[in-house]
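Geometric and topological summary
One-letter residues, chain by chain:
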Amino acid sequence: MHSIDPSVQTERENYKLLTGSIIPRPIAFVTSMSKAGVVNGAPFSYFNIVSANPPMISLSVQRTNGQQKDTARNIIDMKEFVVHIVDEKNVTKVNETAASLPPDQSEVEMANFSTIPSTKVSVPGVEEAKVRLECVLEHALEIGNGTDFIIGRIVQFHIEEAIYNQGRIDAKGLAAVSRLAGNDYAKIGEVFTIKRPR
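Presented here is a report on the structure given in the accompanying data block. (Residues numbered from 1 in each chain as written. Predicted model: local features only at pLDDT ≥ 70, side-chain atom pairs only at ≥ 80, totals over all residues. Heavy atoms only, no water.)

Quick word on the overall build of the protein
Basically, it comes down to this: Comment: elements are numbered from the N terminus, with helices defined as DSSP H or I runs of at least four residues and strands as E runs of at least two. Here the radius of gyration uses the C-alpha set of atoms, whereas the globule reference equals 2.2 Å times the residue count to the power 0.38. For the exposure calls, accessible area comes from a 1.4 Å probe over protein chains only, and a residue counts as buried if that area is under 20% of its type's maximum, exposed if over 50%, partly exposed in between. By the convention used here, residues are in contact when the closest approach between their heavy atoms is within 4.5 Å.
Counting secondary structure elements, the protein contains 5 helices and 14 strands. Here the C-alpha radius of gyration of the protein, 17 Å, is about what a compact globule of 198 residues would show, namely 16 Å. Principal-axis analysis of the C-alpha atoms places the extent of the protein at approximately 50 × 45 × 30 Å. Scored against the burial criterion, the 198 residues of the protein give a buried share of 39%. Look at the contacts in the protein between residues 6 or more apart in sequence, and 61% of them connect residues 24 or more apart.

This is how it looks when you write it as structure tokens:
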């Protein structure tokens, strides 16, 4: 087995090992709003569940040359955002929003997403997502050498009727995609069941 000390590697070298081994990673497409009212949209694969009581999720937003990304700045300023689960139908448009645009330009508009008003936050969601999570900022921490770690509390779920059944979500119908390394993504493949021990 090849053993590597991360302290003697560059950030990029460690990034490649992390994104190549911690797979598949769920993708959050996040909409946020600037103080000027510009709706920003960006995908993040450093994303996961934090808690069910209360329902909370986390995002890690890497800074670029020490500068906060629009998403992190908007969330910290406005205290709210919307997370969308990326699926097979919207992944191509979501990928377009990864382009670096100035803060006064909307990636959501650039990718031709259709916005929809939220119920409990001022940030709109996008209609093309089968699952939307309206969130308010619970905690924001600067960690490491330039990462904004954000914990959001979900205040409203929106789930497409076709994939919702008595409190459960049909994974096949959701058709979520996940990130691998480089430019690679994965679909949900074979599903198998293992009962947990009591």
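Further notes follow.
So, the sheet that holds strand S13 (residues 177-179)
Just so we agree on the cut-off: Strands pair, by our definition, only if DSSP identifies at least two bridges between them.
As summarised here, the arrangement of the 3 strands in space is S1-S13-S14, forming an open sheet in which the pairing is antiparallel. Either end of the sheet is taken by a strand with one partner, and the two such strands are strand S1 (25-26) and strand S14 (185-187).

Focus on the packing of aromatic side chains
Test applied: In this analysis, rings of Phe, Tyr and Trp, with Trp reduced to its six-membered ring, are considered paired at centre separations within 6.5 Å, and the interplanar angle assigns stacked below 30 degrees, edge-to-face beyond 60, and tilted for intermediate values. Put simply, a charge is over a ring when the Lys NZ or the Arg CZ is close to the ring centre, within 6 Å, and near the line of the ring normal, within 35 degrees.
Here the structure, examined in full by the defined rule, presents 1 aromatic pair. Above the face of the Phe 113 ring, Lys 93 is positioned so that its terminal group lies 5.0 Å from the ring centre. Just above the ring of Tyr 185 sits the side chain of Arg 179; from NZ or CZ to the centre is 4.7 Å.

Concerning the pairing of strand S10 (residues 147-159)
As paired elements, strand S5 (residues 55-62) and S10 share 7 bridges and run antiparallel to each other. Bridging from a neighbouring strand, Ser 60 pairs with Phe 149 of S10. The sheet contact formed by strand S9 (residues 131-143) and S10 spans 12 bridges and is antiparallel. Looking across to S10, one finds that Cys 135 is bridged to Ile 154. What sits between the antiparallel neighbours S9 and S10 is a turn of 3 residues, in which Gly 144 has the positive phi angle 60°.

Overview of unusual backbone geometry
Cis geometry is adopted by the peptide bond preceding Pro 24, which originates at Ile 23 and carries an omega value of -10°. Put simply, Asn 53 and Pro 54 share a cis peptide bond, and its omega is 0°. Turning to its location among the elements, Pro 54 is positioned in the loop between strand S4 (47-52) and S5. Phi at Lys 79 takes a positive value of approximately 70°, unusual for a residue other than glycine. Tracing the backbone shows Lys 79 in the loop between helix H2 (70-78) and strand S6 (80-85). Owing to a relative accessible area of 44%, Lys 79 belongs among the partly exposed residues under this scheme. Positive phi, close to 50°, is recorded for Gln 166, a residue that is not glycine.

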